[in-house]
Amino acid sequence: MVVRKLTLDDYKQFSEVSASAYVYNAEETTFEENVDNFGAFIDEGKTLISQMECGFKYNFYCGNKIGCAAVGGVASKPEYRRMGGVRATFDTVFKHALKEGAIVSILYPFSIEYYRKFGYETIFRCVHAECSFKSFEKIERFNEVTIATEEHKDTIKSIYTEIAKKRNMMFARDNYESFCFTPYESCCYTYFVNRDDAKGYVTFTLNRIARTVNISELLFNNKTALLNLLGFVKIYDGNYDTVIFDKLPVSSPVFEVIKDENRLVKRIYTYEGAARILDVEKVLEATVYPDEKGSFSVKITDSQIEKNNGIFTVDYEDGKCTVKKDASTQYDLALDILGASRIILGREGLTLNEISYIENTEIKTDCIDFLKAFPKKTTVFYDVF
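Residues numbered from 1 in each chain as written. Predicted model: local features only at pLDDT ≥ 70, side-chain atom pairs only at ≥ 80, totals over all residues. Heavy atoms only, no water.

(A) Molecular detail of the overall build of the chain. Helix and strand counts for the chain come out as 11 helices and 19 strands. Whereas a compact globule of 385 residues would reach a radius of gyration of roughly 21 Å, the chain reaches 23 Å, a difference of no more than 12%. Viewed in the frame of its principal axes, the chain has a C-alpha envelope of about 65 × 60 × 40 Å. In the chain, which comprises 385 residues, the share counted as buried stands at 51%. Pairs at least 24 apart in sequence give 71% of the contacts found in the chain among residues at least 6 apart. Split by element, the accessible area of the chain, about 18800 Å² in all, is 46% carbon and sulfur. (Helix = DSSP H or I, 4+ residues; strand = E, 2+ residues; numbered from the N terminus. Rg over C-alpha atoms; globule rule 2.2 N^0.38 Å. Buried < 20%, exposed > 50% of the residue type's maximum accessible area, 1.4 Å probe, protein only. Contact = heavy atoms within 4.5 Å. Areas by Shrake-Rupley, 256 points an atom, 1.4 Å probe, with all protein chains shown as cover.)

Below, the structure is given as structure tokens:
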């Protein structure tokens, strides 16, 4: 089997794999811009059987940018499945991503179980919430907001970045492609507040037939900003019946300010985004640690990326750390790459008892300093690829 980067000469086979896997029309399939495409070939490199796309982005982790390999378009021709094409392609993509400086990878899985085989674990568990406007009864209407147009591009991007730095693993937006500044043409609206005491924005569309306000993004830096934005949304209660929040973190404070004593909020728990650590040592080094002094050793096992196997000892103080890798060191706990990605990147703030239930986990000490190093933080993924 041969795995290599695809070129325009491979386009016909690339489009056929896409069409057979995703039921796309082959003529409508294109190579995405700014994305590297890789494929696995058999018959001495003549027949493409599996492929995937790998783009590069940055995420905010502990307030700083880290390189991320954004994987998508994973596909195999049905007649060549279970031949190892996807696994071989992942091996090549991981090596490529590491050379390009990525230390984590993110994808949006069609199957959690399938991508766990390649080290990806869900780190953003979220809620799709449908709220009757009756649940907004205690929210005061608010109309001192501004609609975002082209002249507000830098303001919205600045609000996003300020808030994203305080969340966990949100994508850095270095351009304006993920925002909407043409509300009257696209019918996608972003309204914002940008005061010293409150910053945030809400992006939504309206469905007059279903009588719903469909919120795709809601970012706020404090309670005042949240109440202001929800107070603006409430202005639509004369024309619409329901507010739909597409991706709310499970622990979102939205559920604290929207009261549901009468069971007017329907929640559907789902997931958005699975992550994988590509370079354990560099992720540990990128972590901002507590000011107090601490130390822990964690044993990592990774079946695909050899450099991640070993015992990593972290000594930290004043927010900084030193990381050493030593296979002979005693360790506090052992995790496979799935558990490490969930705990370190996912930041669920799990207790030691909860960690003990994670598969392939071994706990040897009280792990106090380890738990202090990875406290709960809100993870949010809005960007898709």
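That shown, we press on.
(B) Structural context of the sheet that holds strand β5 (residues 104–107). Within the open sheet, the 7 strands sit side by side as β1-β2-β3-β4-β5-β14-β6. Their pairing is mixed. For this open sheet the edge positions go to β1 (2–5) and β6 (121–122), each flanked by a neighbour on one side alone. As defined by bridge partners, β1 adjoins strand β2 (residues 36–42) across 4 bridges and the pair is classed as antiparallel. By the bridge assignment for β2, Val 3 is matched with Ala 40. Lying over the sheet, helix α1 (residues 11–22) contacts β2, β3 (47–61) and β4 (64–76), oriented at roughly 80 degrees with respect to β3. (Pairing = 2+ DSSP bridges. Axes fitted to C-alpha atoms, helices over the stretch in contact; angles between N-to-C directions.)

(C) Region of interest: the nonpolar core. Counting 91 residues, the largest nonpolar core has Phe 136, Leu 218 and Phe 245 as its most contacted members. Element by element, the count of residues in this core is highest for helix α6 (residues 223–233), at 6 residues. Listed in part, the 19 residues of the second largest apolar core include Val 71, Val 74, Leu 107 and Tyr 120. (Core = buried A, V, L, I, M, F, W, Y, C linked by side-chain atoms within 4.5 Å.)

(D) The arrangement of the side chain of Asp 332 in detail. Tracing the chain through its elements places Asp 332 in the loop between β17 (320–325) and β18 (333–336). Although Asp 332 is buried, it forms no salt bridge, and the closest oppositely charged side chain is Lys 364 at an N-O distance of 9.6 Å. Engagement of the side chain of Asp 332 in a polar contact is seen with the backbone nitrogen of Ser 297, the distance being 2.8 Å. In contact with Asp 332, not counting residues within four places along its chain, are Phe 296, Ser 297, Glu 362, Ile 363, Lys 364, Thr 365 and Cys 367. (Lys, Arg positive; Asp, Glu negative; His and termini not counted. Salt bridge = Lys/Arg side-chain N within 4 Å of Asp/Glu carboxyl O. Polar contact = N/O pair within 3.5 Å; in protein donor to acceptor, adjacent residues only side chain to side chain.)

(E) Here's a closer look at the sheet that holds strand β16 (residues 310–317). Strand order across the open sheet formed by 5 strands is β17-β16-β15-β18-β19, with mixed pairing between neighbours. Each of the sheet's edge strands pairs with one partner strand only, and the pair in question is β17 and β19 (362–363). As judged from the 7 bridges shared by strand β15 (residues 294–301) and β16, these two strands associate in the antiparallel manner. Counted as the bridge partner of Ile 300 is Gly 310 from β16.

(F) Quick peek at the pattern of salt bridges. In total, this model carries 18 salt bridges according to the counting rule given. The salt bridge partner of Glu 16 is Lys 12, with a shortest N-O separation of 2.5 Å. With Glu 16 and Lys 12 both in helix α1 and 4 residues apart, the pair spans about one turn of that helix. Measuring nitrogen to oxygen at the nearest pair gives 3.1 Å for the salt bridge that ties Asp 383 to Arg 173. Residue Asp 383 is located in the segment after α11 (368–373), and its partner Arg 173 is located in the loop between α4 (153–164) and α5 (183–186); the two are separated by 210 residues in the primary sequence. Judged by its relative accessible area of 5%, Arg 173 is buried. Sharing partners across several salt bridges, the network here consists of Lys 12, Glu 16 and Lys 77.

(G) Structural context of helix α9 (residues 337–345). By the criterion of burial, α9 is predominantly enclosed, with 8 of the 9 residues buried. By the burial criterion, the buried members of α9 are Ile 337, Leu 338, Gly 339, Ala 340, Ser 341, Ile 343, Ile 344 and Leu 345. Within two residues after α9, Arg 347 carries a phi angle of roughly 50 degrees, on the positive side.

(H) Representation of the packing of aromatic side chains within the structure. In the structure shown here, the tally under the stated rule is 34 aromatic pairs. With 5.0 Å between their ring centres and 55 degrees between their planes, Tyr 108 and Phe 385 make a pair best called tilted. Taken as a pair, Tyr 108 in the loop between β5 and α3 (112–116) and Phe 385 in the segment after α11 lie far apart in primary sequence, 277 residues in all. In this structure Phe 385 comes out as partly exposed when scored by relative accessible area, which is 35%. A centroid spacing of 6.5 Å and a plane angle of 50 degrees characterise the contact between Phe 204 and Phe 232, whose relative ring orientation is tilted. (Phe/Tyr/Trp six-rings, centres within 6.5 Å; stacked < 30°, edge-to-face > 60°.)

(I) Structural context of the side chain of Gln 304. Looking at the element boundaries, Gln 304 is found in the loop between β15 and β16. Residue Gln 304 is classed as buried on the basis of its relative accessible area, which comes to 16%. Here the side chain of Gln 304 touches Asp 91 through a polar contact of 2.7 Å, side chain to side chain. In this structure, Gln 304 is in contact with Arg 87, Phe 90, Asp 91, Phe 94, Lys 117, Phe 118 and Arg 276, ignoring residues within four places of it in sequence.

(J) Broad picture of α4. Here α4 contains 12 residues, and its C-alpha end-to-end distance of 16 Å stays within 8% of the 16 Å for a straight helix at 1.5 Å per residue. Where α4 is concerned, the buried positions are Ile 156, Ile 159, Tyr 160, Thr 161, Ile 163 and Ala 164. If you follow the buried residues of α4, they end up packed against β3, β9 (189–195), β10 (198–207) and β11 (212–220). (Expected span 1.5 Å × (residues − 1).)

(K) Representation of the environment of Val 93. Looking at the secondary structure, you find Val 93 in helix α2 (residues 85–99). Its relative accessible area of 1% is what places Val 93 among the buried residues. Along the chain, Val 93 and Val 3 lie 90 residues apart, while their C-alpha atoms are 9.4 Å from each other. Among all residues touching Val 93, those that are not within four sequence positions of it are Phe 38, Met 52, Cys 54 and Val 71.

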